[in-house]
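Examining the three-dimensional arrangement
Below are the chains, spelled out letter by letter.
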Amino acid sequence: MNLDTVIAERKTKTIYRVDDKAVKVFNHSFAKADILNEALNQARVEGIGLNVPKILEVTTIDGRWAIVSEYIEGETLSHLMRDDPENKAKYLEMLVDTQILIHTKRSPLLSRLKDKMNRKILSADLDPVTRYELLIRLEGLPTHDKLCHGDLCPSNVILTPKGELYVLDWAHATQGNASADAARTFLTFNLSGDPKTADEYLDLFCQKSDIEKRYVQKWMPIVAASQSVKGNLEERDFLLRWANVVDYE
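The structure contained in this document is the topic of the report that follows. Residue indices begin from 1 for each chain and proceed along its sequence in written order. Where local features are concerned, this predicted model is filtered to residues with pLDDT of at least 70; where side-chain atom pairs are given and counted, the filter is 80 or more; whole-chain, interface and lining totals use all residues. Each side-chain value is worked out from all heavy atoms of the structure, with water and hydrogens disregarded.

1. Quick notes on helix α3 (residues 88-103)
Helix numbers and strand numbers start at the N terminus; a helix is a DSSP run of H or I with at least 4 residues, a strand a run of E with at least 2. Helix span is expected to be 1.5 Å times the residue number reduced by one. Between its terminal C-alpha atoms α3 stretches 23 Å, which fits the 22 Å expected from 16 residues at 1.5 Å a residue. Think of it in three bands: with a 1.4 Å probe and only protein chains considered, a residue is buried below 20% of the maximum accessible area for its type, exposed above 50%, and partly exposed in between. Buried within α3 we find Y91, L92, M94, L95, V96, T98, Q99, I102 and H103. We call two residues in contact when some of their heavy atoms are within 4.5 Å. As for α3, its buried residues are in contact with α2 (77-83), β7 (146-148), β8 (157-159), β9 (165-167), α6 (178-191) and α7 (195-209).

This is the structure in structure tokens:
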């Protein structure tokens, strides 16, 4: 396999284009169980009415695990927002519409969002009182079964030349509460240093989904604590500051 054309590079993975395929190659440090789980998640959401690249193969390349899927021609919404700022509002609306569509779907074999967050909060670097408060709050929040992407951001949505929107990277997909999924997207914009767009996103999501902002805000400390388990030191510090705002409204 000729891995010459790099599509994207991340801290723990590199994505290549090989003819009509996208090949995601993981670093040696990436756990095999996480890679297989990502492929399984994506396979489970392929046939439920969303535009999702099909998994073609899970293999190893030079001793590193790789996921091979369909290559989707187009531009990510993040590139479009950067290169066409006059139409940023349009692209942000595409992101929100895509997320709301995802939340209309069900995938009952996926892990449950509240179970996953419970495990991660128990592993987070939090003082015992904050951890207890967050776990009590998590237990008290509604349990839903909506499909949640878990990392929906502009770089994970591709707009094709035909005007179709494809959703990538289902590693964190669960079934759970749409407000938690929106809280994750809001925090992602903030982590990227764009709080203005974070606020615009949240206003638009709540308006179009008819979900009150306070419901999304209730999830923010919980989602932040869950996300703080991974990431670099600067990201962890940022997320833990959010996680400690237990009474955020």
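2. Focus: the pattern of salt bridges
Any carboxyl oxygen of Asp or Glu that lies within 4 Å of a side-chain nitrogen of Lys or Arg is treated as forming a salt bridge with it. In this structure the tally under the stated criterion is 13 salt bridges. With a shortest N-O distance of 2.6 Å, E200 and K196 are connected by a salt bridge. Of the two residues, E200 and K196 are both situated in helix α7; the distance of 4 residues between them amounts to about one turn of the helix. Via salt bridges that share partners, K24, E38 and D169 belong to a single interconnected network.

3. Observations concerning helix α5 (residues 128-140)
The end-to-end C-alpha distance of α5 is 18 Å, a good match for the 18 Å that 13 residues give at a rise of 1.5 Å each. Of the positions making up α5, those classed as buried are T130, R131, L134, R137 and L138. Seen from one end, α5 has its buried residues packed into an arc of 130 degrees, which puts them on one side. Opposite the buried face of α5, by more than 90 degrees, sit the exposed residues P128, V129, Y132, E139 and G140. As used in this structure description, the phrase polar contact means that two N or O atoms lie within 3.5 Å; if the pair is within protein, one of them must be able to donate a hydrogen and the other to accept it, and residues adjacent in sequence are counted only when both atoms belong to side chains. For α5, the capping residue at the N-terminal end is D127, with a side-chain oxygen 3.1 Å from the backbone nitrogen of V129. Throughout, the arc means that of the directions going from the helix axis to the C-beta atoms.

4. Regarding empty space enclosed by the protein
Grid points spaced at 1 Å over the protein atoms alone were grouped into cavities, where a 1.4 Å probe fits but cannot get out, and pockets, open sets with protein on both sides within 12 Å along at least five of seven lines, with lining residues defined by an atom within 4 Å of a point. Grid points are joined across faces, edges and corners, and a volume is the space filled by probe spheres set on the points. The full count for this structure, using the stated rule, is 1 cavity of 30 Å³ or more. Taken as a whole, the largest cavity spans an internal volume of roughly 150 Å³. Lining the largest cavity are 13 residues, and of these K116, M117, G150, H172 and Q227 sit closest to its centre. Those elements that place two or more of their residues in the lining of the largest cavity are α4 (113-123), α6 and α8 (213-227). Of the residues that constitute the lining of the largest cavity, the class distribution is 4 nonpolar, 5 polar and 4 charged. All amino acids are sorted into three groups, where Ala, Val, Leu, Ile, Met, Phe, Trp, Tyr, Cys and Pro are nonpolar, Asp, Glu, Lys and Arg are charged, and the leftover types, Gly among them, are polar.

5. Description of the nonpolar core
For this analysis, a nonpolar core means a set of buried residues of the types Ala, Val, Leu, Ile, Met, Phe, Trp, Tyr and Cys, connected via side-chain atoms within 4.5 Å. In terms of nonpolar packing, the biggest core is built from 55 residues, with W170, Y201, V216 and W219 touching the most fellow members. Each residue touching V216, except ones within four places of it in the same chain, is listed here: S179, A182, A183, L202, F205, C206 and I211. Core analysis: the next-biggest nonpolar cluster, separate from the first, contains 7 residues, Y16, V23, I61 and V68 among them.

6. Here's the deal with the sheet that holds β8
Here 3 strands make up an open sheet; going across it, the order is β6-β8-β9 and the pairing antiparallel. The open sheet has two edge strands, β6 (75-76) and β9, and neither has a second partner. Only strands that DSSP links by at least two bridges are regarded as paired with each other. Two elements, β8 and β9, share 3 bridges in a ladder whose sense is antiparallel. Opposite V157, over in β9, you have V167 as the bridge partner. Between N-to-C directions, angles cover 0 to 180 degrees, with each direction set by a line fitted to C-alpha atoms, over the stretch in contact for helices. The strands that α3 touches are β8 and β9; relative to β9, the one it contacts most, it runs at about 60 degrees.

7. Some remarks on the packing of α6 against α7
Direction vectors running N to C along α6 and α7 enclose 160 degrees, while the axes themselves pass 7 Å from each other. When the interaxial angle is binned, α6 and α7 end up roughly antiparallel. Read as a crossing pair, α6 and α7 show a hand that is right-handed. Along the contact surface, α6 presents A178, A182, T185, F186, F189 and N190, while α7 presents P195, T197, A198, D199, Y201, L202 and F205. Here the residues of the contact of α6 with α7 are counted per class, giving 9 nonpolar, 3 polar and 1 charged. Should an angle fall under 35 degrees it is called roughly parallel, over 145 degrees roughly antiparallel, and 65 to 115 degrees roughly perpendicular, with every other angle called oblique. Note on convention: near helix rotated counterclockwise from far helix by under a right angle means a left-handed crossing. Clockwise means right-handed.

8. Structural notes on the pairing of strand β4 (residues 55-61)
Pairing of β4 with strand β5 (residues 64-70) involves 6 bridges; the strand directions are antiparallel. The residue bridging I55 from the neighbouring strand is S69, located in β5. Hairpin connection between β4 and β5: a loop of 2 residues separates the two successive antiparallel strands, and D62 in this loop has a positive phi of roughly 50 degrees.

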